[in-house]
Amino acid sequence: MEDFHAFNLHDDLVEGIESMGYRTATPIQKQAIPVILEGRDLIASAQTGTGKTAAYLLPIIDRISHSNHPQDRTTTLVLVPTRELAKQIDEQVEGFGYFASVSSLAIYGGGKSENWEQQKRALTHGADIIIATPGRLLAHMQLGYVQLEYLDCLVLDEADKMLDMGFSDDILQIISHLPKQRQNLLFSATMPEKIRQFAKQILHEPAEIRLAVSKPAAGINQQFYLVYDTFKLPLLQHLIQTLDVQSMILFTSRKSNVTPIERALRKMGYAVAGITSDRTQEEREVVLRDFKNKQFQILVATDVMSRGIDIDSLSHVVNFDLPREAEDYVHRIGRTARAAGTGKGMAITFVSDHDQDAVVKIEKLLEREVEKHPTPPEIGVSPDFDPKKYRGRKPGSAALGSGIGGGGRGDRNRGRSGRPDRDGRDNLERTPRREERAPTEAPDQNDRPIRLMSEVRPVPPAAEGGNLAAPTDEQQKKRRKKRRKPSGPRPETPAAE
C-alpha cells in the first residue's frame, strides 16, 4: 500500500483500496494518478489488463470525496464501447468508493425494453459517476431529462475500440452538451493516428503517457497455421482433438461464425457456449459467470466482446480470425500466461492469405518470428506465407479464399448491411453512415454455410493459385448442348408510339 499512500488520497478511499486487495500501484497508475489529481487533460496508451481503470477512478473518487456538492449532481462521465466494460467499471466504483459513499450508474442496453425506465429514474435523480455506452446515453439525452451541466470530468475508455465501432459522431454529439470547462481523460489500448486526431478535437494541452506493450511470456506456445478461410473449422476440429483443453476462449471476427463453431465443437463432446452482441445482457452475464466457474470448457466470442471479457488463467486461446491490431493479439494470448505467473499456455492463430500483412506487424511487435504451420493435406491445400503476394487481396479473390460466411477482414471493412450492437442506437432516428458501421463483426446476409470436417472434399491442385483448370473440349460440348433455344414463336415487340 506504500504506493497508494504516497498519492495522499482520501482516507475513506484508501480503506476501499485495501478492501479491494490492491497492494502495489501498476506503472500506468503511478504515472496517471498524479497527473489527474493536478486536473490536467491526459491521453494514455496502455494495454487492457494493466490497471488503467483504477488509474483514472482513484483520483476521480478522491476528488468527489473531498467535494461538498449535492449527491444529485453528476460530475463525471465515463464513455465505454461495450456494456460488459460499463458493468465492470461500475462494480469497481462500488468497491473503491464503498467507504467514500460515491454513487455510480451504468447506462447500457439495446432498446427501451431493457432497463430503460430504471435508467431513466436514476438519470433523473443523478449519480456522482455515470458509466455509459455512447449510443444508449445519447438516446436518453435526446429525451431531455439527462442533466450534465455540473460535469467537470469526461473519460473516454477504450477509445480506439469506440472509434472502430463507429461511435465518433455520437461522442462528439454528447460532448457538445457538456460544460466547456472540464477535465478530459482519454485511455486507449492502441494509439493509431485516428486516435491522435480525435484527441485533438477534445483534449486541451494534454499530458501524454505511452507505456510500451509488454511482450507475452516466453512460456506461451504460439502456433500460426496458414489456412484458407474455407478450411478454418475443419482445421480447428482436427487440432482440438490433440489438445488437453481445460479452459479456452476462441475469438472470431464474425458473429455468424459463433453458432456453427459452437455446434461443431459440441458434437465433438466439448462443453461450449458463445457470446455475441446479439445476446441480451442477462444471457451474456450468465455465460461469463458459468465460464469463470468452470461450468463449460470453451467460450466462443466475437471481437466486439473481446475487451469486455475479464477472464485470465486460460489453458488455450484460439484466434479463429486475426485481431485488427497487433497489441490486441498480445493481450489475447497473454490470458494464457497469468495462472500463478507460470507463463504457460497455448495460443493458436489461423492466418488466412488476406491476413498475412497483419502477421508481419505482430512479429515486429514480438521482435521475433513465429513458426508457421501449413494446413494438413488431409484438410485441404494451404496458402504459402508470402505477404507481398497476397497484399491487398480481399476474401473471395482466390478459389479457396471465399471463407466461412463469404469473407473475413476484407468484408469487415466494407460496412455492408448488419452491424454490431450499438447499445441504444436503435432509439435514434438517423441511420449511421457507412463509415460509422463497425468493421469488427461482418454482416450475416451473404454468409455461406460453414463447412464441417466431414464435408471437406479433396481440392484440385490447380485451385491453390486461385485459377481452376480450363474445361476440356468434351466438357464445352456438353455445356453447349444444354443451352436450348426457347420453343414457340418469338414474342412481338410493341411498336413505339
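In case you missed it, the structure is sitting above this.
Residues numbered from 1 in each chain as written. Predicted model: local features only at pLDDT ≥ 70, side-chain atom pairs only at ≥ 80, totals over all residues. Heavy atoms only, no water.

## Regarding the nonpolar core
Step number 1: Of all hydrophobic cores here, the largest spans 42 residues; its most connected members are Leu42, Tyr56, Ile89, Ile129 and Leu185.
Step number 2: Ranked by size, the runner-up nonpolar core spans 36 residues in total, among them Ala127, Ala132, Ala139 and Phe167. (Core = buried A, V, L, I, M, F, W, Y, C linked by side-chain atoms within 4.5 Å. Buried < 20%, exposed > 50% of the residue type's maximum accessible area, 1.4 Å probe, protein only.)

## Notes on the sheet that holds strand β8 (residues 220-226)
Step number 1: Strand order in the open sheet formed by seven strands is β10-β11-β9-β12-β13-β8-β14, and the pairing between neighbours is parallel. Among the strands making up the open sheet, the edge pair consists of β10 (272-275) and β14 (372-374). Here the strands of the sheet are splayed against their neighbours by 20 degrees on average, with no regard to which way each runs.
Step number 2: Two elements, β10 and strand β11 (residues 298-302), share four bridges in a ladder whose sense is parallel. Note on β11: the bridge partner recorded for Val272 is Ile298.
Step number 3: On the sheet, helix α12 (residues 258-267) packs against β9 (248-252), β10 and β11 and is oriented at approximately 175 degrees with respect to β10.
Step number 4: Sheet contacts for helix α15 (residues 326-334): β8, β9, β12 (316-319) and β13 (345-351); angle to β8, the most-contacted strand, approximately 125 degrees. (Pairing = 2+ DSSP bridges. Helix = DSSP H or I, 4+ residues; strand = E, 2+ residues; numbered from the N terminus. Axes fitted to C-alpha atoms, helices over the stretch in contact; angles between N-to-C directions. Contact = heavy atoms within 4.5 Å.)

## Section: the side chain of Gln356
Step number 1: With respect to the element layout, Gln356 can be found in helix α16 (residues 356-366).
Step number 2: Judged by its relative accessible area of 0%, Gln356 is buried.
Step number 3: A distance of 2.8 Å separates a polar atom in the side chain of Gln356 from the backbone nitrogen of Asp386. (Polar contact = N/O pair within 3.5 Å; in protein donor to acceptor, adjacent residues only side chain to side chain.)

## Structural notes on the side chain of Thr252
Step number 1: For Thr252, the position within the fold is in strand β9.
Step number 2: For Thr252, a relative accessible area of 0% translates into the label buried.
Step number 3: At 3.3 Å, the side chain of Thr252 and the backbone nitrogen of Arg254 are in polar contact.
Step number 4: If near-sequence neighbours (up to four positions away) are discounted, Thr252 is found in contact with Asn257, Val258, Val300, Ala301, Thr302, Asp303, Phe320 and Asp321.

## Details of the sheet that holds strand β4 (residues 129-132)
Step number 1: Read from one edge of the open sheet, seven strands run β3-β4-β2-β5-β6-β1-β7, paired in parallel fashion. Unpaired on one side and paired on the other, β3 (104-107) and β7 (207-210) mark the two borders of the sheet. Pairwise comparison of adjacent strand axes, ignoring direction, gives a mean angle of 10 degrees for this sheet.
Step number 2: Running over the sheet, helix α6 (residues 116-125) touches β3 and β4 and is turned about 140 degrees from β3.

## Re the packing of helix α5 (residues 83-96) against helix α13 (residues 281-292)
Step number 1: Their axes nearest at 11 Å, the elements α5 and α13 cross at an angle of 70 degrees. Put simply, α5 runs roughly perpendicular to α13. Along this stretch, α5 crosses α13, giving a crossing that reads as right-handed. Here α5 contributes Arg83, Glu84 and Lys87 to the contact with α13, which in turn contributes Gln281, Arg284, Glu285 and Leu288. (Parallel < 35°, antiparallel > 145°, perpendicular 65-115°, else oblique. Left-handed = near helix turned anticlockwise from the far one by under 90°.)

## Describing the pairing of β10
Step number 1: Of the two faces of β10, the one holding Val272 and Gly274 and the one holding Ala273 and Ile275 are both buried throughout.
Step number 2: Taken together, β10, α13 and β11 constitute a β-α-β crossover, and its handedness is right-handed. (Right-handed = clockwise from strand over helix to strand, strands pointing away.)

## Here's the deal with the packing of helix α9 (residues 168-175) against helix α10 (residues 193-202)
Pairs of packed helices are described in terms of their axes, by the angle between the two and the distance that separates them.
Step number 1: Where α9 meets α10, the closest approach of the two axes is 11 Å, and the angle between their N-to-C directions is 15 degrees. When the axes of α9 and α10 are compared, the pair comes out roughly parallel. In terms of crossing hand, the pair formed by α9 and α10 is right-handed. Counting all contacts with α9, which are made through Ser168, Ile171, Leu172 and Ile175, the residues of α10 involved are Phe198, Gln201 and Ile202.
Step number 2: Residues of the contact of α9 with α10, tallied by class, amount to five nonpolar, two polar and no charged. (Nonpolar A, V, L, I, M, F, W, Y, C, P; charged D, E, K, R; others polar.)

## Here's the deal with the pairing of strand β2 (residues 76-79)
Within a regular beta strand, the side chains point alternately toward one face of the sheet and then the other, so they alternate between its two faces.
Step number 1: Residues of β2 alternate between two faces, with Thr76 and Val78 on one and Leu77 and Leu79 on the opposite face, all of them buried.
Step number 2: With four bridges connecting them, β2 and β4 associate as parallel partners. Pairing of Leu77 across the sheet is with Ile130, part of β4.

## Notes on the pattern of salt bridges
Step number 1: Per the counting criterion, the structure on display carries 13 salt bridges.
Step number 2: One salt bridge connects Glu208 with Arg196, and the closest N-O pair in it is separated by 2.9 Å. With a gap of 12 residues between them, Glu208 in strand β7 and Arg196 in helix α10 connect regions that are remote in the sequence.
Step number 3: When its relative accessible area of 45% is taken as the criterion, Glu208 is described as partly exposed.
Step number 4: Overall, the relative accessible area of 25% leaves Arg196 in the partly exposed class.
Step number 5: The network of salt bridges with common partners includes Lys52, Asp157 and Glu158. (Salt bridge = Lys/Arg side-chain N within 4 Å of Asp/Glu carboxyl O.)

## Description of the environment of Thr50
Step number 1: Here Thr50 lies in the loop between β1 (42-45) and α4 (52-66).
Step number 2: Sequence separation between Thr50 and Leu211 is 161 residues, and the spatial gap between their C-alpha atoms is 9.8 Å.
Step number 3: When neighbours within four sequence positions are excluded, Thr50 is seen to be in contact with Thr26 and Ile28.

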